[in-house]
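Understanding the architecture of this molecule
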Amino acid sequence: MKQMTVDSIRVSPMNYQRVVILRENDSDRYLPIWIGPAEADAIAVKLQDLSVPRPLTHDLLREVIDKLGGSIRHILVNDLQNDTFYATITIEVNGAQEDIDCRPSDAVALAVRAQVPIFANESVLDKAGIQLDKEGNRLTPPSEGEAVAPSGERRTEVKEEELEGMSAFTDFIDSLDLEDFDNK
């Protein structure tokens, strides 16, 4: 597991879809995850410390967890299958931890409210992570069927059909202006 931070929320200029960009804490690797507009707004409202007149759904969920004696420990983006990301929210109740399956967008919206760590499995980062050099430029992408480990070592464990399944993400990533990643 790698600890991540919400870097930004972007809107695709091609189709106005939203994407949350998670950044690995100890490297220049980013994980873009497509999210819905409501979840993007929920994350942005909290990150910008805006007040809303009534609680949003994620505020309500956090309040329910707190009132029932639970505490959110962390969230984990744990899988990627057929262009769909999966996540869990780890909640502690009466000394026992429970992992609750959820969409990553809901998990991130809850994590920013509870101020808990966000993690991603290494396998997810290997499949969908992008790496930038110190100047913010995208490094040469791996050749077909090849993955890049955090150390920069190239491995051949990603199958061609998995790469084809990631084409929507690749097209979107290629359309981003990555030079403004440092500008928050």
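Here's what I pulled together on the structure shown here. Because the structure is a prediction, the values reported are computed rather than measured.

A count of helices and strands for the protein gives six helices and ten strands. Contacts spanning at least 24 positions in sequence make up 50% of the contacts within the protein whose residues lie at least 6 apart. By element, 47% of the accessible surface of the protein is carried by carbon and sulfur atoms, the whole surface being about 10,400 Å².

The next point concerns the sheet that holds strand β4 (residues 70-81). Note: strands within a sheet are paired through backbone hydrogen bonds, in either parallel or antiparallel orientation. Taken in spatial order, the eight strands make up an open sheet running β6-β5-β4-β7-β1-β2-β3-β8, and their pairing is mixed. What marks the edges here is a single partner per strand, and that holds for β6 (96-102) and β8 (130-131). Of the strand pairs in this sheet, strand β5 (residues 84-93) and β6 are connected by seven bridges, and their pairing is antiparallel. By the bridge assignment, I89 is partnered in β6 with I100.

Another point: the pattern of salt bridges. Under the definition given, this model contains ten salt bridges. Salt-bridge contacts for R29 lead to D126; the nearest nitrogen and oxygen are separated by 3.5 Å. Residue R29 is found in strand β3 (residues 29-35), and its partner D126 is found in helix α4 (residues 122-128); the two are separated by 97 residues along the sequence. Between R103 and D106 there is a salt bridge whose closest N-O contact spans 2.9 Å.

What follows is about the pairing of β3. Burial runs high along β3: six of the seven residues are buried. As judged from the six bridges shared by strand β2 (residues 18-24) and β3, these two strands associate in the antiparallel manner. For V20, the partnering residue across the bridge sits in β3 and is I33. Linking two consecutive strands that pair antiparallel, namely β2 and β3, is a turn of four residues.

Here we take up the nonpolar core. Ranked by internal contacts, the top residues of the largest apolar core, which has 33 residues, are L22 and L31. At seven residues, the largest contribution of residues to this core is made by helix α3 (residues 104-114). What L31 contacts, discounting residues up to four positions off in sequence, is M4, V20, I21, L22, V77, F85, A120, V124, L125, A128 and G129.

It is worth spelling out a nonpolar patch on the surface at this point. The grouping of L60, V64 and L68 at the surface amounts to a nonpolar patch, some 310 Å² of accessible area in total. Taking relative accessible area as the criterion, L60 reaches 52% and is therefore assigned exposed.

Between helix α2 (residues 57-67) and α3, the shortest axis-to-axis distance is 9 Å and the interhelical angle comes to 65°. As for the relative orientation of α2 and α3, their crossing is right-handed in sense. For the pair α2 and α3, the contacting residues are H58, D59, L61, R62 and I65 in the first and D106, A109, L110, R113 and A114 in the second. Residues that form the contact of α2 with α3 fall into these classes: five nonpolar, one polar and four charged.

This paragraph deals with the environment of E122. Its place among the elements puts E122 in helix α4. With relative accessibility at 22%, the residue E122 sits in the partly exposed group. Distance from E122 to K2, taken between C-alpha atoms, is 6.6 Å for residues 120 residues apart in sequence. A distance of 3.0 Å separates the side chain of E122 from the side chain of R29, its partner in a polar contact.

About the criteria used
- Residues numbered from 1 in each chain as written.
- Predicted model: local features only at pLDDT ≥ 70, side-chain atom pairs only at ≥ 80, totals over all residues.
- Heavy atoms only, no water.
- Helix = DSSP H or I, 4+ residues; strand = E, 2+ residues; numbered from the N terminus.
- Contact = heavy atoms within 4.5 Å.
- Areas by Shrake-Rupley, 256 points an atom, 1.4 Å probe, with all protein chains shown as cover.
- Pairing = 2+ DSSP bridges.
- Salt bridge = Lys/Arg side-chain N within 4 Å of Asp/Glu carboxyl O.
- Buried < 20%, exposed > 50% of the residue type's maximum accessible area, 1.4 Å probe, protein only.
- Core = buried A, V, L, I, M, F, W, Y, C linked by side-chain atoms within 4.5 Å.
- Patch = residues over 30% accessible without salt bridge, like charges linked within 9 Å, V, L, I, M, F, W, Y side chains within 5 Å.
- Axes fitted to C-alpha atoms, helices over the stretch in contact; angles between N-to-C directions.
- Left-handed = near helix turned anticlockwise from the far one by under 90°.
- Nonpolar A, V, L, I, M, F, W, Y, C, P; charged D, E, K, R; others polar.
- Polar contact = N/O pair within 3.5 Å; in protein donor to acceptor, adjacent residues only side chain to side chain.

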